[in-house]
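Coordinate inspection notes
Letter by letter, the chains look like this.
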Amino acid sequence: MYSGMLIVLLPLALGYCLPCRSQSLLHFINVSVERMVYLILFLMGISLAFVDNLSTHLGTIFILCGVFLACITLCNLAGLWLLDVRRGRLSGERGAPVISKWALLFDSARLCLVILAGVGIGQFLDAGWFQVDTLSEWALMLLLLLIGIQLRNSGMRLRQILLNRWGLAIALTVMVTSWVGGLMGAWLMNMPLSQGLAFASGNGWYSLSGILIGDKLGPVMGSAAFLNDLARELIAIMIIPALMRRHPSCAIGYGGATSMDFTLPVLQRSGGVTIVPVAIVSGFVLSLAGPVLILSFLSFTSG
């Protein structure tokens, strides 16, 4: 269950151990990281096209997804906004050009179009022979290797990466506010509170939450949990560029567990390499807590 964390941390650590003194090579790495963002999002779109067994009970699934997504989003952003009030804005990296709001919005739209293009292409592919999960995994490992090299050559020490109070504060805020949102959703949908808490503990890890909740509560709840966390990831991708400068905790935290993998390249692209340790700490804590919390809350439900 935790093999995904190993896949993330190993290439990142390996990249951090590789010094690079060539400025031309560093420039090539920076450009490659930016281009690979689009590749990973395109592959994610193809994986969306391969999702099946969602045709039954669509109305119930989308209502559950919409209610919980709205409640959790409202609580998450409110809590993270309060955290940003205390911290202030993110200072831009030295030499980074100022990006207009219109450019940020266009950037978000372009990322969404890449995902939609992947969904469209995926309609013509056979999931049996096109191993999108394997390709995405390898692309992600390569990306994290390159980001690790960036980190090593950014001047940051390992202590700054492993002991990051901001990342821990974001993770704790996301965790607690997600529970509040889950309780609100359970109350609105007349569900047991333990189910609402389990529903809210996926923190964007849609494959995990869908499997665990579906196994205990059935395919309708499992599909709704999957879509809720998947929608959370997609919304995070759209809002990260627009929120990063004024509300960096919101930009980092809303993606939940995905801040250490799929939304990490978008965060790095919008906030710079110095934002990566914060995102990794936050995502790692939420990923570590996710399965434990989901299974713990599900153990209290009557099914």
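The rules behind each value
Throughout this description, residue numbers start from 1 for each chain and increase along the sequence as written. Restriction of local features to residues with pLDDT of at least 70 applies here, the model being predicted, together with a cutoff of 80 or more for giving and counting side-chain atom pairs; totals for whole chains, interfaces and linings are based on all residues. Hydrogens and water are ignored here; the side-chain numbers use all heavy atoms of the structure. Only DSSP runs of H or I reaching four residues or more are called helices, and only runs of E reaching two or more are called strands; each is numbered from the N terminus. Only heavy atoms matter for contacts: two residues are in contact if any of them lie within 4.5 Å across the pair. Areas reported as accessible are Shrake-Rupley estimates using a 1.4 Å probe. Residue values count occlusion only from the protein chains shown. Under the scheme applied here, a residue whose accessible area is under 20% of the maximum for its type counts as buried, over 50% as exposed, and between as partly exposed, the area being computed with a 1.4 Å probe on protein chains only. The rule is short: rings of Phe, Tyr and Trp, with Trp giving its six-membered ring, pair when the centres are within 6.5 Å, and they are stacked under 30 degrees, edge-to-face over 60, tilted in between. Think of it as a cone above the ring: NZ of Lys or CZ of Arg counts as a charge over the ring if it is within 6 Å of the ring centre and within 35 degrees of the ring normal. Here a polar contact is recorded for every N or O atom pair within 3.5 Å, except that within protein the pair must consist of a potential hydrogen donor and a potential acceptor, and residues adjacent in sequence are included only if both atoms are side-chain atoms. In this description, a nonpolar core means a group of buried Ala, Val, Leu, Ile, Met, Phe, Trp, Tyr and Cys residues linked to one another through side-chain atoms lying within 4.5 Å. One number per residue, pLDDT, summarises how confident the predictor is, and it ranges from 0 to 100. A pair of cysteine sulfur atoms is labelled a disulfide when the two atoms are within 2.5 Å. Here an axis means a line fitted to C-alpha atoms, over the contact stretch when the element is a helix, while the angle between two N-to-C directions is reported on a 0 to 180 degree scale. Should an angle fall under 35 degrees it is taken as roughly parallel, and over 145 as roughly antiparallel, whereas 65 to 115 is taken as roughly perpendicular and any remaining angle as oblique. The sense of a crossing depends on the near helix, which, turned anticlockwise from the far helix by less than a right angle, makes the crossing left-handed and, turned clockwise, makes it right-handed. Residue polarity is assigned by list, with Asp, Glu, Lys and Arg as charged and Ala, Val, Leu, Ile, Met, Phe, Trp, Tyr, Cys and Pro as nonpolar; anything else, Gly included, falls into the polar class. Two distance rules govern patches: like charges are joined within 9 Å, and nonpolar side chains (Val, Leu, Ile, Met, Phe, Trp, Tyr) within 5 Å, applied only to residues with over 30% relative accessible area and no salt bridge. Salt bridge, as applied in this entry: a Lys or Arg side-chain nitrogen positioned within 4 Å of an Asp or Glu carboxyl oxygen.

**Structural notes on the overall build of the protein chain**
Within the protein chain one finds 13 helices and 0 strands. In the protein chain, the succession of helices and strands from N to C terminus is α-α-α-α-α-α-α-α-α-α-α-α-α. Sequence-distant contacts in the protein chain: of pairs separated by 6 or more residues, those separated by 24 or more amount to 85%. Entry remark: accessible area of the protein chain is about 14600 Å², with carbon and sulfur atoms responsible for 68%.

**As for unusual backbone geometry**
The residue Asn190 is not glycine, and still its phi comes out positive at about 55 degrees. With respect to the helices and strands, the residue Asn190 is situated in the loop between α7 (165-188) and α8 (193-200). Residue classification places Asn190 among the exposed residues on the basis of a relative accessible area of 72%. Of note, Asn203 is a non-glycine position whose phi angle comes to about 50 degrees, a positive value. You can see Asn203 is positioned in the loop between α8 and α9 (206-217). Taking the relative accessible area as the measure of exposure, Asn203 reaches 1% and is therefore buried.

**Details of the packing of aromatic side chains**
Summed over the entire model, instances satisfying the criterion amount to 3 aromatic pairs. Between the aromatic rings of Trp179 and Phe297, the centroid separation amounts to 6.0 Å while the plane-to-plane angle is 85 degrees, which identifies the pairing as edge-to-face. A residue pair is termed long-range when its members are at least 10 positions apart, and Trp179 in helix α7 and Phe297 in helix α13 (residues 276-298) qualify at 118 residues. One Lys or Arg, Arg232, reaches over the ring of Tyr254 and ends 5.3 Å from the middle of that ring.

**A word on the side chain of Ser178**
Mapped onto the elements, Ser178 comes out in helix α7. A distance of 2.7 Å separates a polar atom in the side chain of Ser178 from the backbone oxygen of Val174. In contact with Ser178, not counting residues within four places along its chain, are Ile72, Asn76, Ala200, Asn203 and Arg232.

**Regarding the nonpolar core**
In terms of nonpolar packing, the biggest core is built from 82 residues, with Leu41, Ile170, Ile213 and Ile252 touching the most fellow members. Tallying contributions element by element places helix α2 (residues 23-49) first for this core, with 12 residues. Discounting chain neighbours no more than four positions away, the residues touching Ile213 are Ala198, Phe199, Gly218, Met221, Gly222, Ala225, Ile294 and Leu298.

**Examining the environment of Leu168**
Here Leu168 lies in helix α7. Overall, Leu168 belongs to the partly exposed group, its relative accessible area being 45%. Between the C-alpha atom of Leu168 and that of Leu286, which follows or precedes it by 118 residues, the distance is 9.4 Å. Not counting the four nearest positions on each side in its chain, Leu168 is found in contact with Val281 and Val285.

**Some details on the confidence of the model for the protein chain**
Where the model shows low pLDDT, its predicted coordinates should not be examined in detail. Averaged over the protein chain, the pLDDT score is 80; the fraction of residues at 70 or greater is 83%. The spread of mean pLDDT over the elements of the protein chain runs between helix α6 (residues 158-162), the lowest at 62, and α7, the highest at 94. For residues 94-99, every residue scores under 50 in pLDDT, and the model assigns this stretch 1 contact once sequence neighbours within four places are set aside.

**Points about the state of the cysteines**
Between two cysteines, a covalent bond joining their sulfur atoms is known as a disulfide. Tallying each qualifying case throughout the model produces 0 disulfides. Of all cysteine sulfurs in the structure, the one in Cys71 sits closest to Cys75, which takes part in no disulfide; the separation is 6.7 Å.

**Things to note about the packing of α2 against helix α12 (residues 264-271)**
One can describe the packing of α2 onto α12 by two numbers: an axis separation of 9 Å at closest approach and a directional angle of 140 degrees. In this view, α2 runs oblique relative to α12, as classed from their interaxial angle. The element α2 and its partner α12 pack so that their crossing is left-handed. Contacts between α2 and α12 involve Val33, Glu34, Val37 and Tyr38 on the former and, on the latter, Pro265, Val266, Gln268 and Arg269. Across the contact of α2 with α12, the residue classes tally to 5 nonpolar, 1 polar and 2 charged.

**Describing a nonpolar patch on the surface**
A surface patch of nonpolar side chains, amounting to about 430 Å² of accessible area, comprises Leu74, Leu172, Val176, Val180 and Met184. Positionally, Met184 belongs in helix α7.

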